Amino acid sequence: MEEEMRDAPRAPPSAPPVFRAPKQVSRPKPAVQQEEELGAEPKLGDFEDVHALSVSEARAVITAVHAKRKKEPSSNPLGGERVHNDSQIITQFLDYVETFSRYKQRENVQALSGLLDSHNELTFVEKAMLGSLACDTADEAKTLIPSLATKMDDDALQSLLDEMTKLQDRFG
Amino acid sequence: MFFFKELEKTIQLHPSYFGPLIRSHIHRELLTKEEGSSTGKFTIVCILDNFEISDGQVMAGSGSAEYTVHYKAIVWRPYKGEVVDGVVTSVMRSGFFVDCGSLQAFVGRNMIPGEIKFDANATPPQWTDNGDQIIEKNTNIRIKLMGLRSEVDKMYAIGTMKEDYLGPLQQ
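As a starting point, this report considers the structure included with it. (Residues numbered from 1 in each chain as written. Chains lettered and ligands numbered in written order. Predicted model: local features only at pLDDT ≥ 70, side-chain atom pairs only at ≥ 80, totals over all residues. Heavy atoms only, no water.)

### Details of the pairing of strand β6 (residues 95-100) of chain B
All names here are of chain B. Examined bridge by bridge, strand β5 (residues 83-92) and β6 share five bridges and lie antiparallel to one another. Paired with V91 across the strands is F96, a residue of β6. The hairpin formed by β5 and β6 contains two residues between the paired strands. Bridging between β6 and strand β7 (residues 103-108) involves six bridges; their strand directions are antiparallel. The residue of β7 that forms the bridge with F97 is F106. (Pairing = 2+ DSSP bridges. Helix = DSSP H or I, 4+ residues; strand = E, 2+ residues; numbered from the N terminus.)

This is the structure in structure tokens:
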């Protein structure tokens, strides 16, 4: 009996017991809300890597969806000629994109996104803003979209804007 | 600004809809309930026609089935500091209101450049600098959003015109 006790590994000198406060039981705190804004450094929150669309692109997609619903009444769950659920908000947005899309021809919208996609340094948001706002001068673009200021020099930006103007339908 | 966003929605379906047309019922439910709705952060403008439906699960106690629908939609989300175009809807001495889609923005007197003055005698009333800048009802205008407030199903904003390159758009 004594023999066995000697062979057994010595228990390490036990550390004085540490008393910890019980785990706090409380509601989890809401995540700190960071200010989401478009400034020199755009903070988009949960829209960070979501594809942004310019007004013209949005108009192109919406028109295509509505045209398809109209063309295939059998697969349109709203039935018949209805292309949306007649809510006031949708009507307001349809008017909005119709008024403010600078590029209404399908080919021009495609050419525009091709042109903007060739500039890898621009983010989705900057491309969308450039496409929506249709600026005339590099200074105007940099004032309205502050995050552009450090990304492109004025000459490159100006030539991009000139290219974009050529694709534009006359506004108004 | 518009975004192309993937979203999810749980739809409950009454047992009377169970049958071969179930997909179409879910689609209709999705379009009528979700299109045009606002979550407080963004507004869903248009839902694309291809969407995925999970396997349905019958809920205990009611017999209704619950489906999770995964879809893509065009949503519109305004940001603080964003430059947007809008249409003037009403003009007052204290400022004017601008509609950007479903967002209503107010531009107060302090947010309008000093040289643009209110002219109550004109019909309709307008803000003008007696030059080519005239702000009246239905003017297309470019403003910058300074602050946003969202309520259930509706968003409101405060805008400014007191910076370079903002103001009425040349027709």
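So that's the structure; there's more coming.
### Some points on the interface of chain B and chain A
Each partner contributes residues to the interface: chain B has 46 residues there, and chain A has 48 residues. Roughly 4,200 Å² of surface becomes buried between chain B and chain A when both sides are summed, with 65% attributable to carbon and sulfur atoms. Among the ionic pairs, R77(B) bridges to E36(A), the shortest N-O distance being 2.3 Å. The tally of links from chain B across to chain A stands at 15 residue pairs in polar contact (both at pLDDT 80 or more). With six residues, the single largest contributor to the side of chain B that touches chain A is strand β2 (residues 43-53) of chain B. Taken together, the residues of the side of chain B that touches chain A sort by class into 21 nonpolar, twelve polar and 13 charged. Where strand β1 (residues 51-53) of chain A lies against strand β1 (residues 2-13) of chain B, three bridges are found, and the strand directions are antiparallel. When the bridges of β1(B) are listed, L53(A) appears paired with F2(B). (Contact = heavy atoms within 4.5 Å. Buried area = accessible area lost by both parts, 1.4 Å probe. Salt bridge = Lys/Arg side-chain N within 4 Å of Asp/Glu carboxyl O. Polar contact = N/O pair within 3.5 Å; in protein donor to acceptor, adjacent residues only side chain to side chain. Nonpolar A, V, L, I, M, F, W, Y, C, P; charged D, E, K, R; others polar.)

### Description of unusual backbone geometry
For the bond running from T123(B) to P124(B), omega is -10 degrees, close enough to zero to count as cis. Relative to the elements of secondary structure, P124(B) occurs in the loop between β8 (117-119) and β9 (126-128). Non-glycine residue D86(A) carries a positive phi angle of around 60 degrees. Within the element layout of this structure, D86(A) appears in the loop between α2 (55-71) and α3 (88-100).

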